[in-house]
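For reference, the chains in residue letters:
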Amino acid sequence: MKQVINTDCAIGIDIGGTAIKAAIIDAENKVHYHTHYPIVKTSREHFCHNLLEIIEAIIGIAQQDGLTTSVIGVGVPGLVEDGRIIGAAPNLPFLLNVNLQELLSIQFSLPVSVDNDAFCMAVAEHHYGAAVGVSDAVFLTIGTGIGGALLINGEFYRGGRGRGTEIGHMQVHYDGNYHRFERLASTAALVTRYREQSGCLQADGQTVIDHYLKNDPLAVAIMGWHFNHLASGITSLINIFNPQRVVLGGGIVDAGDFYLEQVFERVFAMGIATITEGLQPARACLGNLAGCLGAAHQARHHTIANTTTQQTARRMYEYN
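Note that this is a predicted model, so its numbers are computed, not measured.

What counts as what
Residues numbered from 1 in each chain as written. Predicted model: local features only at pLDDT ≥ 70, side-chain atom pairs only at ≥ 80, totals over all residues. Heavy atoms only, no water. Pairing = 2+ DSSP bridges. Helix = DSSP H or I, 4+ residues; strand = E, 2+ residues; numbered from the N terminus. Axes fitted to C-alpha atoms, helices over the stretch in contact; angles between N-to-C directions. Salt bridge = Lys/Arg side-chain N within 4 Å of Asp/Glu carboxyl O. Buried < 20%, exposed > 50% of the residue type's maximum accessible area, 1.4 Å probe, protein only. Polar contact = N/O pair within 3.5 Å; in protein donor to acceptor, adjacent residues only side chain to side chain. Contact = heavy atoms within 4.5 Å. 1 Å grid on protein atoms, 1.4 Å probe; cavity = no way out; pocket = protein on both sides within 12 Å on 5 of 7 lines; lining within 4 Å. Points joined across faces, edges and corners; volume = space filled by probe spheres on them.

### A look at the sheet that holds strand β1 (residues 8-15)
- Overall, mixed pairing links the five strands, which are arranged β3-β2-β1-β4-β7 in an open sheet. Across the chains shown, the open sheet's two edge strands, defined by having one partner strand only, are β3 (31-38) and β7 (112-116). Within this sheet the neighbouring strands show an average axis-to-axis angle of 15 degrees, counted without direction.
- Relative to strand β2 (residues 19-26), β1 is paired through seven bridges, and the arrangement is antiparallel.

### Some thoughts on the pattern of salt bridges
- With the rule as written, the count across this model stands at six salt bridges.
- In this structure, arginine 283 engages aspartate 257 in a salt bridge whose closest nitrogen and oxygen atoms are separated by 2.8 Å. One end of the pair, arginine 283, is in strand β14 (residues 280-283); the other, aspartate 257, is in helix α8 (residues 257-270), and 26 residues separate them in sequence.
- Note on arginine 283: relative accessible area 29%, which makes it partly exposed.

### Overview of the side chain of serine 186
- Positionally, serine 186 belongs in the loop between α4 (181-185) and α5 (187-198).
- One polar contact links the side chain of serine 186 to the main-chain carbonyl oxygen of glutamate 182, over a distance of 2.7 Å.
- When neighbours within four sequence positions are excluded, serine 186 is seen to be in contact with Ile142, Gly143, Thr144, Gly145, Ile146 and His226.

### Some remarks on the environment of tryptophan 225
- Note that tryptophan 225 resides in helix α7 (residues 217-241).
- Considered as a pair, tryptophan 225 and tyrosine 259 are 34 residues apart in the sequence and their alpha carbons are 13 Å apart.

### Things to note about empty space enclosed by the protein
- This structure, assessed with the given rule, holds one cavity of 30 Å³ or more.
- For the largest cavity, the calculated volume is near 40 Å³.
- Taken together, Asp136, Ala137, Val138, Leu150, Leu151, Ile152, Phe241 and Pro243 make up the full set of residues lining the largest cavity.
- Breaking the lining of the largest cavity down by element, the ones donating at least two residues are β8 (137-142) and β9 (146-152).
- Counting residues per element, the lining of the largest cavity draws most heavily on β9, which supplies three residues.

### Points about the environment of leucine 184
- On the secondary structure map, leucine 184 appears in helix α4.
- Since its relative accessible area comes to 5%, leucine 184 is described here as buried.
- When the C-alpha positions of leucine 184 and histidine 297 are compared, they lie 32 Å apart, and in sequence the two are 113 residues distant.

These figures come from the coordinates and say nothing about function on their own.
The structure is reproduced here in structure tokens:
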């Protein structure tokens with residue numbers, strides 16, 4: 001029997017700190033093509049022009065393979081409301097107030113979904129990865145900052161105005177001052193502390209991990225500092241939400257099994273035993289494709305509903 005190929009595809013875009021990842025994903029969640037491009041950070045205009053060129057190129061690749069692009073999904077760092085970026089990430093400040101949904105839908109005449117990048121990762125891991133079949137989970141991405149999402153009773157919690165779960169911005173007290181959680185527990189915070197104490201200004205996350213695995217005393221101490229702060233924040237979330245699973249993603253989490261072991265050894269020591277009982281730590285398993293998969297999922301499942309809602313609201317406005 002001849003295999004039937006589903007040609008109806010979504011373009012999934014994941015905008016990160018240094019690169020834009022892109023993938024062509026069909027309705028059965030098969031990835032037909034994926035790649036990444038460096039981010040042009042010079043200005044809003046250059047960035048948007050670059051993004052449009054990337055998507056146009058990906059749609060062209062899909063067409064060459066006989067695939068039809070039906071929707072576009074985008075994950076972007078920062079707060080997003082109705083396709084507009086209302087809280088831009090520090091590394092992409094010029095995206096503030098850019099309505100990517102409007103820009104892309106006009107340019108390509110397709111339904112477009114735009115959402116937070118960490119949320120897109122969580123959606124992908126819930127539907128296709130490390131949290132399949134779980135009703136309550138905490139998702140964290142550890143990188144330049146800390147992104148997060150909460151799954152409660154089988155539904156993702158977004159807050160009263162859809163602006164919630166900015167977990168990286170939890171306020172914590174340390175060394176006599178209040179800090180954002182991500183200022184202490186992110187990979188960027190780890191690297192900054194190592195550079196300051198080692199004098200090695202070229203060090204990155206891999207440098208710290210390499211020295212840690214060689215039992216270098218400074219790296220061991222700074223990694224311990226990192227584990228303590230990360231575990232403290234995770235423990236607070238567990239004590240409040242009582243999740244079945246905590247899923248951690250980000251490049252540093254993939255350094256080895258020791259990472260989750262060290263973090264959750266501290267979590268289980270600090271947490272309330274009756275709440276942490278049965279908790280399952282997990283590493284995000286979809287890798288660099290998670291953001292694209294989640295963005296594509298959101299586009300497939302929400303753009304039609306969003307379009308209907310917007311059209312209804314527009315008619316009501318015009319009538320009034």
